[in-house]
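# Understanding the architecture of this molecule
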Amino acid sequence: MPQLTLSLADDGLPRWDSPPWSPLFSMYHRAWFTRLWMVQEVVLAKSVGVLFGGASLDWETLRSCAHVLLIVIRPGQLPPNQALMGAVEGLHLIGEFECCRFSPLIALLSSFHRPACSLEFDKVYSMLGLVPEEERLEIKVDYSLPLEEVYLNCSEMVTRTDTTLPLFNLACTRSNVLGLPDMFFYHAGWRTFMDRHALAVSPDSDNIHARGIAVDKVTGIIPSNWGVIVDAHSTKTFMDREAAALSLAQQTYNTPYAVPEMHWRTLIANRNQYAMVHDLDLSTDYQLMKESWACKAQSRPPPTMDAEPHFKVFSFGVGASGTCSGRTCFATRDGRVGLGPADMEGGDLVCVILSGLTPYILRRNEDGRTYRFIGECYVHDLMDAEALDMRDRWEGAC
C-alpha cells in the first residue's frame, strides 16, 4: 500500500522552522489583519501598497502569497495557529471580492464574520460601503439602537431583497459552524430563477412565512461532536464518529459489508474543494483517506503516494473535516442519510422550502401549526430540486 507523506518539500518549500518563514509569519501576525475595517480599506482603494518596517510590498504579491499558503498548509505540517490562518484566509477572501467591488450584504457578512471590530455594530456597518446602493439605503447607521435591533433590521432587509433564502443557510453559525460549502451550488427548492418565492416577515412577531414541503422525518442521529482534525486524539475522535455514521448508512441502505456511495458523498456534501463531484467516483479517495487517518490516529509514520493521488486524498480529507465538524449525521424514515445541525433531534422534519438552496430541518411546535427552524442540512438526492417531483410522497405543507 503506498504511503501518504505530508511534506512541504513536495511543494519545493523549506521547513516551517527555516529562516525564510520567520519574517512572513511575523508580518501576518500583525493586528491589522484581524481588523474588519481593513476589508473596506482595501477593496475601495484605488491602489494598495504595503509597508512593513523598512520594506515595501505590492498588494497583489501579499494576496498571492496568502493564496499559496492556503494550498500548502496541511494537517501535521504546522502547529495550529489561528492568527496565521485567519490572516491568510482573510486576504484570500478579499481578493475574491476585489474583482466585483460591490457585493450583496449577506455574502459579505458570511465571508467576513471572523475579523474583529471594537463595536459589534460594525459587523454590519463596516460592510455598507461595499454593498449595492439599493441595499445600503435600507440600512440606517444608528449606534443608539440596541445591537439586536441592528441585526434584525439587517435580516429583514436580506429576507425582503434576496429570494434565494441565504439567511436560512447562515442560521447554523449560531454555533460557530459555517454553512455548507459554497451554498450556491445547491438549489433544492427551485429549478430556474422563475421559481423564486419571496418570504414574508410578520410585522408583530418573530415568525417568517414561507411556502414549503415536509419531505421526510428524522429517525436516527449520530452525535455532532466530530471535532476538527489537528492531532492524533482528534483524528481518533473523528474516525469513531465516521465509523458510527458508516454503520448508520449501512443499516439504512441494507449493505452491512459495503460502503454505500451515499455515505462518502454525504461526508463531503458531494463536493470537493473546487466543484461538485456528481459524476466522479471518489470511493478510492475515501478509503485512502481512512488509511491515512489511521496512521495519524496511532502516531505512526504517514503513508506515501504520488503527487496526484496525494492531493486528491488530501482534498477529500479537508472536505470531510470541514463539512462534518459541528454537524449531526442522521438517517430518515424513507431511507436517506444526511448531515444536519448540531441540535437536531429524532422526529424533526426534513423540509424543502421553495426558493431554498438546501433542505432544512424544522421542528413542529406544540400548536401543531408552526415550526421551529433548526438549520440547513445536506440530504443526498434532495439537493437539486428532486423534492419538487415527489408530490405524492410529501409529509405535508409547512
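The rules we used
- Residues numbered from 1 in each chain as written.
- Predicted model: local features only at pLDDT ≥ 70, side-chain atom pairs only at ≥ 80, totals over all residues.
- Heavy atoms only, no water.
- pLDDT = per-residue confidence, 0-100.
- Contact = heavy atoms within 4.5 Å.
- Helix = DSSP H or I, 4+ residues; strand = E, 2+ residues; numbered from the N terminus.
- Buried < 20%, exposed > 50% of the residue type's maximum accessible area, 1.4 Å probe, protein only.
- Pairing = 2+ DSSP bridges.
- Salt bridge = Lys/Arg side-chain N within 4 Å of Asp/Glu carboxyl O.
- Phe/Tyr/Trp six-rings, centres within 6.5 Å; stacked < 30°, edge-to-face > 60°.
- Patch = residues over 30% accessible without salt bridge, like charges linked within 9 Å, V, L, I, M, F, W, Y side chains within 5 Å.
- Areas by Shrake-Rupley, 256 points an atom, 1.4 Å probe, with all protein chains shown as cover.
- Polar contact = N/O pair within 3.5 Å; in protein donor to acceptor, adjacent residues only side chain to side chain.
- Expected span 1.5 Å × (residues − 1).
- Core = buried A, V, L, I, M, F, W, Y, C linked by side-chain atoms within 4.5 Å.

## A look at the confidence of the model for the chain
Across the chain, the average pLDDT comes to 78, with 77% of residues at 70 or higher. Segment residues 1-6 is flagged for pLDDT under 50; beyond a separation of four residues in sequence, or across chains, it makes 26 contacts in the model.

## Focus on the environment of Asp231
Within the secondary structure, Asp231 sits in the loop between strand S5 (212-222) and helix H10 (232-253). For Asp231, a relative accessible area of 37% translates into the label partly exposed. Each C-alpha atom, one on Asp231 and one on Trp293, is 10.0 Å from the other, the two residues being 62 residues apart in sequence.

## Some points on the pairing of strand S2 (residues 55-58)
Alignment of strand S1 (residues 49-52) against S2, held across four bridges, turns out to be antiparallel. Bridge pairing in S2 places Phe52 opposite Ala55. Hairpin geometry of S1 and S2 is characterised by an intervening segment of two residues between the two adjacent antiparallel strands and by a positive phi of about 65° at Gly53.

## What about the pattern of salt bridges?
For the structure shown, the criterion picks out twelve salt bridges. In this structure, Glu345 and Arg363 form a salt bridge, with 3.8 Å as the shortest nitrogen-oxygen distance. Taken together, the residues span a long stretch of sequence, with Glu345 in the loop between strand S7 (337-340) and strand S8 (349-353) and Arg363 in strand S9 (residues 360-364) at a distance of 18 residues. Classification of Glu345 by relative accessible area gives partly exposed; the value is 42%. A salt bridge links Asp348 to Arg363; the nearest nitrogen and oxygen atoms lie 2.7 Å apart. Here Arg363 lies in strand S9 and Asp348 lies in the loop between S7 and S8, a separation of 15 residues in the sequence. Across the pair, Arg363 and Asp348 agree in class, each one buried. Among the ionic contacts, a cluster of salt bridges with common partners joins Asp216, Arg333, Asp334 and Arg336.

## Things to note about the packing of aromatic side chains
Considering all chains together, one arrives at eight aromatic pairs under this definition. With a centroid separation of 5.2 Å and an interplanar angle of 80°, the aromatic rings of Trp32 and Phe33 are classed as edge-to-face. Trp32 sits in the partly exposed class, given a relative accessible area of 29%. An aromatic cluster is built from Trp32, Phe33 and Trp59, whose rings are joined through pairwise contacts.

## Focus on a nonpolar patch on the surface
Where nonpolar side chains cluster on the molecular surface, the patch consists of Leu119, Val141 and Tyr143 and spans about 260 Å² of accessible area. With relative accessibility at 38%, the residue Tyr143 sits in the partly exposed group.

## Brief notes about the side chain of Thr328
Structurally, Thr328 is set in strand S6 (residues 328-332). For Thr328, the side chain forms a polar contact with the main-chain oxygen of Pro341, separated by 3.2 Å.

## With respect to H10
For H10, with 22 residues, the first-to-last C-alpha span of 31 Å sits near the 32 Å given by 1.5 Å per residue. Those residues of H10 that fall on the buried side of the exposure criterion are Ser234, Thr235, Phe238, Glu242, Ala245, Leu246, Leu248, Ala249 and Gln250. In the core, the buried residues of H10 are packed alongside S5, helix H11 (261-267), helix H12 (283-297), helix H13 (307-324), S6 and S7. Two or three places before His233, at the opening of H10, Asp231 has a side-chain oxygen 3.3 Å from that residue's backbone nitrogen.

## Considering the nonpolar core
Ranked by internal contacts, the top residues of the largest apolar core, which has 39 residues, are Tyr28, Val39, Leu62, Ile94 and Ile139. Listed by contribution, the elements that provide at least two residues to this core are helix H1 (21-28), helix H2 (37-44), helix H3 (59-72), helix H4 (82-98), helix H5 (105-111), helix H6 (122-125) and helix H8 (147-161). If we skip the residues at most four places from it in the chain, Ile94 touches Met38, Val39, Val42, Val43, Trp59 and Phe112. Within the second largest apolar cluster, 24 residues are counted, among which are Trp264, Ile268, Ala320 and Cys329.

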